[in-house]
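Working through the structure, step by step
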Amino acid sequence: MEMTRFSCPHAKQCGGCQLLQLPYPAQLEKKQRLVEELFGQYTPVQPILGMEHPVHYRNKIHATFGKGRNGRVVSGLYQPSSHRLVPIEHCLLEDEAAAEILAVVRQLMDQLHLPPYNDVTHTGLIRHLLIRRGYFSGQILVAVVTGQAAFPARKQFAEALRKACPQITTLVQNINPGRTSMVLGGQQRILYGPGYIEDQLCGCTFRISAASFYQVNPIQTQKLYQAALDMAGLTGAERVIDAYCGTGTIGILAARQAGQVLGVELNRAAVTDAIANARRNKAENIRFVCQDAGQFMVELARQGQTADLVLMDPPRAGSDQAFLSSLAVLGPKKVVYISCNPLTQKRDVEYLARKGYRVKAAQPVDLFPHTDHVENILLLVKQSPRPPRERAARRPQPRQKADSRPGRRTQEKSKL
Ligand code: SAH
């Protein structure tokens, strides 16, 4: 593992790498301690899975544009919670192929007089550029996010970009006219290529569109998925729910070892990708539903359905009560909870503990080196209700006996 301390000239202004001042092993230790503080009371925490070369791991690059002092287009990131653009030419985390593409786009914007969009005055044209590179496939998707549908010199821009960067396999225009901090809008136009890239993870091939979620660190994602599947311990017959399934990645991998899998995801583009991914990987025992995961679970519970395993991987805010209470009604024996925010994971686990689930394993994975983000997998197992005979034996004893052994009943009660 790399022992060196990394440095970045933009670190102070950008603020994206909160742990950069720590050598990598110390970063891992810090994340390990955090997970232990939260979950160590329930189970021993496995050593965090770190990255061997923790640089340039981000396969998704997002840049915003502005004008520099000399009037030329600059690209970078907004400072946290502000509209101040920090110009960045080389980022320690981002895929190196992206820097080259970004430089060409800046040049083309100058040449073709395509003004950067201004988030305060809501004028200008190009809001963001999103670059996604398949780590194993090398395929590259570029999405130009515009503030309006009209894109003057669109054809010229596409042709010049294609010529200067033949490594780009698909280019899309995403239209985001909203007064919002969200990067992507709801409309998209394909300028060339298929409109998505394909990449490989754990021996399967997945297609990913601009608007679909895809884990940003593919090397570590494989470790994450493998650890989650190991915890699941599937035997071939189980009924599995993959909640918050994105493009169906975990569910499709699980389908190889399960009876049937049901994936649920709110984002329509991701569900379209997931359906194509199932077909692409010949997974015939998986279905996908485009719905709020909580509502979906409420409906399953109402229909009296059951599941053996729920895999869940919600966004940072964690899950909601509709989801968790219905999960408890469905009563899977196991829950594998993947989280990118152990604080909301803890909150949700405390709720599930009241419904009879116990944390049996914890495995942190470092998906985001140099940042303070922590990814953690938990295995929860449903406590089986005591068999009737044992229950009868524990009924309150005749007064006399109970009185003769004070403390016994209280002791038993505390175990319940
Ligand atoms: N398991 C996937 C995706 C995890 S990210 C993977 O590893 O790639 C979380 C996903 O939850 C995103 O795809 C997001 O679109 C989806 N999501 C967010 N809120 C949701 C909700 N209320 N119901 C269902 N899915 C939701």
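Residues numbered from 1 in each chain as written. Predicted model: local features only at pLDDT ≥ 70, side-chain atom pairs only at ≥ 80, totals over all residues. Heavy atoms only, no water.

A closer look at the overall build of the protein chain
Across its full length, the protein chain carries 13 helices and 16 strands. The buried share of the protein chain, reckoned over its 416 residues, is 50%. Nonlocal contacts in the protein chain, meaning residues at least 24 apart in sequence, comprise 66% of its contacts between residues at least 6 apart. Charged side chains of the protein chain number 53 positive and 34 negative; the gap between the two group centres comes to 6 Å. (Helix = DSSP H or I, 4+ residues; strand = E, 2+ residues; numbered from the N terminus. Buried < 20%, exposed > 50% of the residue type's maximum accessible area, 1.4 Å probe, protein only. Contact = heavy atoms within 4.5 Å. Lys, Arg positive; Asp, Glu negative; His and termini not counted. Charge placed at Lys NZ, Arg CZ, Asp CG, Glu CD.)

Quick notes on the side chain of Glu 375
With respect to the secondary-structure elements, Glu 375 resides in strand β16 (residues 375–382). Salt bridges are absent for the buried Glu 375, whose nearest opposite-charge side chain, Arg 316, sits at 7.5 Å. Beyond its immediate chain neighbours, meaning those up to four positions away, Glu 375 contacts Leu 224, Asp 313, Ile 338, Ser 339, Cys 340, Gln 363, Pro 364, Val 365, Leu 367 and Phe 368. (Salt bridge = Lys/Arg side-chain N within 4 Å of Asp/Glu carboxyl O.)

Some remarks on the environment of Lys 30
Within the secondary structure, Lys 30 sits in helix α2 (residues 24–39). Residues Lys 30 and Tyr 351, spaced 321 residues apart in sequence, show a C-alpha to C-alpha distance of 26 Å. Look past the residues within four positions of Lys 30 in its chain and what remains in contact with it is Leu 19 and Leu 22.

Some thoughts on the sheet that holds strand β5 (residues 140–146)
Strand order in this open sheet of 7 strands is β3-β2-β1-β4-β5-β6-β7, and the pairing throughout is mixed. Looking at which strands have only one partner, the edges of the open sheet turn out to be β3 (85–87) and β7 (187–192). Strand-to-strand twist across the sheet, computed as the mean angle between neighbouring axes with direction ignored, equals 35 degrees. With 3 bridges connecting them, strand β2 (residues 73–78) and β3 associate as antiparallel partners. (Pairing = 2+ DSSP bridges. Axes fitted to C-alpha atoms, helices over the stretch in contact; angles between N-to-C directions.)

So, unusual backbone geometry
Located in the positive-phi region is His 122, a residue other than glycine, with phi close to 55 degrees. As for its position among the elements, His 122 is in the loop between α3 (96–111) and β4 (126–133). Owing to a relative accessible area of 22%, His 122 belongs among the partly exposed residues under this scheme.

What about the nonpolar core?
Judged by nonpolar contacts, the single largest core of 56 residues is most densely connected at Ile 252, Ile 286, Phe 288, Val 336 and Ile 377. Excluding its chain neighbours within four sequence positions, the residues that come into contact with Ile 252 are Cys 204, Phe 206, Thr 247, Ala 274, Asn 277, Ala 278, Asn 281, Ala 283, Ile 286 and Phe 288. By size, the runner-up hydrophobic cluster in this structure holds 33 residues, among which are Leu 38, Leu 262, Leu 300 and Leu 324. (Core = buried A, V, L, I, M, F, W, Y, C linked by side-chain atoms within 4.5 Å.)

What to know about the packing of α3 against helix α4 (residues 154–164)
Between α3 and α4, the shortest axis-to-axis distance is 10 Å and the interhelical angle comes to 145 degrees. Note on packing geometry: the crossing formed by α3 with α4 is right-handed. For the pair formed by α3 and α4, the contact residues are Val 104, Val 105 and Leu 108 on the first element and Phe 157, Ala 160, Leu 161 and Ala 164 on the second. Tallied by class, residues from the contact of α3 with α4 come to 7 nonpolar, no polar and no charged. (Left-handed = near helix turned anticlockwise from the far one by under 90°. Nonpolar A, V, L, I, M, F, W, Y, C, P; charged D, E, K, R; others polar.)

Considerations on the site of the ligand
Every one of the 16 residues lining the ligand counts as a neighbour, but Tyr 225, Glu 265, Asp 292, Ala 293 and Asp 313 are closest to it. Interatomic distance of 2.6 Å between a side-chain N/O atom of Glu 265 and an oxygen atom of the ligand. Contacts to the ligand include Asp 313, whose side-chain N or O atom sits 2.9 Å from a nitrogen atom. Its free accessible area being 580 Å², the ligand has 86% of it covered by the protein chains. Of the residues that constitute the shell around the ligand, the class distribution is 8 nonpolar, 5 polar and 3 charged. (Near = heavy atom within 4 Å. Polar contact = N/O pair within 3.5 Å; in protein donor to acceptor, adjacent residues only side chain to side chain. Areas by Shrake-Rupley, 256 points an atom, 1.4 Å probe, with all protein chains shown as cover.)

A closer look at the environment of Pro 80
The topology assignment puts Pro 80 in the loop between β2 and β3. Given a relative accessible area of 54%, Pro 80 falls into the exposed group. Remark: the alpha-carbon pair of Pro 80 and Gly 16, spanning 64 residues in sequence, is separated by 8.0 Å. Among all residues touching Pro 80, those that are not within four sequence positions of it are Gln 13 and Cys 14.

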